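# Coordinate inspection notes
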Amino acid sequence: MSDSGSAALSDVRFERVTKRYGKAVAVKALSLAIPRGSFFSLLGPSGCGKTTTLRLIAGFETPDEGDVFIRDTRVTETAPYRRDFAMVFQNFALFPHLTVADNVAFGLRMSGVAREERAKAVEAALAMVKLTGFAERYPKQLSGGQQQRVAIARAIVMKPAVLLLDEPLGALDKNLRESMQVELRSLQRELGLTTVFVTHDQEEALTMSDSIAVMRDGVIEQLGAPREIYERPATEFVATFLGASNLIDATVVESGNGSSQVEATFGRFTLAGSHPAGERLRLAIRPERVLLKPGRDSGALPAIVRDVVYRGMSAHVFLESGGLPLLAFVQNAASAAIDWSPGQEVGIVLPAESLVRLNGGAQAHG
Amino acid sequence: MASGSFRLTRRWAAFALVAPPLLVFLVFFVVPLVSLFWVSFHAPSQSELYGPELTLEHYATILTDPFYHTIILRTLSTGAVILALCLVLGYATAYVLAPLPPRKRLLLLLLLVVPLMVSNVVRAYGWIAILGRQGLVNAVLRDTGLIERPLLLLNSFEAVSFGLMTIMLPYMVISVANALASIDAQYKEAAQSLRADPVRTFIHVTWPLSSPGVASGMLLVFLLTLSAYVTITLLGGPRMKLLVSLVFDSVGSFRWPLAAAISFALLVMALIVSGLIMALLRPQRVQGRG
């Protein structure tokens, strides 16, 4: 793929962008291209550089090194008000002295759109976020969810090349947040709007995104579709930051026929893929992928139940096997494991296709 | 029932809290104000506070006498000049101070207040030492050969306005700086994300959001200007009298009812200008956002 070819399809592009605050490096030689029309999430813990990345797109920060492009235009030193983006802020940042209509019209007014055309666009945008009839209210007269919609309307009315969302759902309560996730996502699809979404909420990122970039210490640890990131985490950080993972250190015993036998402290099991014998691996398996057997039949590894936590629609089963703590999730409907008691001897199966090899290899045991 | 009696107790507690200041306000402000109003409708008396007969003569004098017109106009224009100077200089200073880190800003604001710790009398004499016939300015100008005869800087509109402005400016700076500092940085970024350049961001966002601070600063400055006396008397002399000087003069000549009437003219003036400031700046539109 040629450089220009990939660039033509991307609305935002970073080329080895570095941003420092004093000695601290917020974003480290970051390169990425965000495809047109996609919902792209920057996910990571606070201080990972995700917000800085967003602010670099907006122009509220300028890079120390590298270049930023919006729709193939180099905007590295361009002032924010000359860049083709719109943004929904964390606390909405609705202008308190302006009505809903004036808030939504603000950007069009600044861009010199004529009054009549402005009014039409505002009306359409408010209809899109289901706030028709709220035009003359002031932000303080609206609920949190309604303010959120105004903030979205104010951004989408600009028809920007890229829509930036800075944890816009963080200020809402759980139920409202979930319904806004669905609405925001369908609105984004409908408009085909390239969207960059910053969040520290992994569930939100999984629900909404076409692609997720998991960030840590100013670099992208892994970039991919939600399912890929969740089911094939590349590193221990990704495996544990997105959902829970059991981490297992194992040594390859023998290999052949596209699979390998590996040995961990609690026994031998099979892993997909050929690996040289003697290699030490670090493996991850999701708790919902761990299969539980009531007794110690053949093929199952021995484990002891430490605790069972009832969670309504599921249960968390805490186990120990060969000195290693393991966690398994079971569905309420189909498992007897919910009734297990601590100390019970049971069997576990780690399906070969559910085991993921993490980069970096196994850590040395002491 | 329990919640009902609790509510009742709360209401009494609230009343108990408000009652003392309310009483003080009533006894020491409302009652004297009403009695002052009453006094202003009476003829003067040589021996008493006011004579027995009722009259509108004092108000008629204030409204029709050209001398009073001159003084009222002068008072208003002094106020306007001081307001304008304080607004421009104060806002500019506050705009520079507001983005500083809180500790630094507080320190600089405290520094601005230090001159206010010197009595207005002392300050006015200080200005006399600087602006007087034998003062610093004239001495320097004469020594450098720029003038031969000393300039008459004192006892003028300019001297009074300047002297008052230096007293009022810190109030304006503090009000505006606090208002500016409390504006969430996200508003400016939101404006920029919506294609507003720095100038339009200021006009459409920063200025309206700072209007509560500007309004309170302007109210403070104007009301303090109306009630200033020492500075006006010492820097204005007998030629630059303002309305407040006439209150003093009337009391000095035992015309208490006239003094009372002028006081009410001052009060009306304060109310009208305050109303104008509020109407122009509409600070209430920014207040109480949820």
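In the block above lies the structure referred to throughout.
A brief report on the enclosed structure follows. (Residues numbered from 1 in each chain as written. Chains lettered and ligands numbered in written order. Predicted model: local features only at pLDDT ≥ 70, side-chain atom pairs only at ≥ 80, totals over all residues.)

A word on helix α4 (residues 102-113) of chain B. Here α4(B) spans 16 Å end to end across 12 residues, near enough to the 16 Å set by a 1.5 Å rise per residue. Burial runs low along α4(B): only zero of the 12 residues are buried. (Helix = DSSP H or I, 4+ residues; strand = E, 2+ residues; numbered from the N terminus. Expected span 1.5 Å × (residues − 1). Buried ≥ 20, exposed ≤ 12 C-beta atoms within 10 Å, placed from the backbone.)

The next thing to look at is the sheet that holds strand β14 (residues 280-285) of chain A. Spatially, the five strands line up as an open sheet ordered β13-β12-β11-β14-β20 (chain A), and their pairing is antiparallel. Each of the sheet's edge strands pairs with one partner strand only, and the pair in question is β13 (267-272) and β20 (356-357) of chain A. (Pairing = 2+ DSSP bridges.)

Attention shifts here to the environment of B:Ile130. Residue and element names in this part refer to chain B. Assignment of secondary structure puts Ile-130 in helix α5 (residues 120-131). In this structure Ile-130 comes out as partly exposed when scored by C-beta crowding, with 14 C-beta atoms within 10 Å. Between the C-alpha atoms of Ile-130 and Phe-6, which are 124 residues apart in sequence, the distance is 65 Å. In contact with Ile-130, other than residues within four places in its own chain, are Gly-135, Leu-136 and Val-137. (Contact = placed C-beta atoms within 7 Å.)

The next point concerns the pairing of strand β11 (residues 246-256) of chain A. Residue and element names in this part refer to chain A. When β11 meets β14, the two strands line up antiparallel, connected through six bridges. Bridge pairing in β14 links Asn-246 to Ile-285. Sheet topology places β11 next to strand β12 (residues 259-264); five bridges connect them, and they run antiparallel. Residue pairing across strands places Glu-254 opposite Gln-261, the latter belonging to β12. Counted between consecutive antiparallel strands, the loop separating β11 from β12 contains two residues, among which Asn-257 sits at a positive phi close to 60°.

Turning our eyes to something else, we now look at the nonpolar core. A:Ile57, A:Val104, A:Ala153, A:Leu164, A:Val196 and A:Val214 are the most contacted members of the largest nonpolar core, which has 105 residues in total. Here this core spans two domains, since at least three of its residues come from each of domain 1 (3-241) and domain 2 (246-357) of chain A. Contacts of A:Ile57, omitting those with residues within four sequence positions, involve A:Val12, A:Val68, A:Phe85, A:Val162, A:Leu164 and A:Val196. By size, the runner-up hydrophobic cluster in this structure holds 56 residues, among which are B:Met168, B:Ala215, B:Leu243 and B:Ala259. (Core = buried A, V, L, I, M, F, W, Y, C linked by C-beta atoms within 7 Å. Domains from an automatic or database assignment.)

A word on the interface of chain B and chain A. The interface of chain B with chain A comprises 20 residues on the first partner and 19 residues on the second. Among the elements of the structure, α8 (185-193) and α9 (198-227) of chain B are those that each provide at least two residues to the side of chain B that touches chain A. A per-element tally of the side of chain B that touches chain A places α8(B) first, with six residues. Considering only residue class, the side of chain B that touches chain A consists of eight nonpolar, five polar and seven charged. (Nonpolar A, V, L, I, M, F, W, Y, C, P; charged D, E, K, R; others polar.)

Fair warning: the whole summary comes from geometry, so function is off the table for now.
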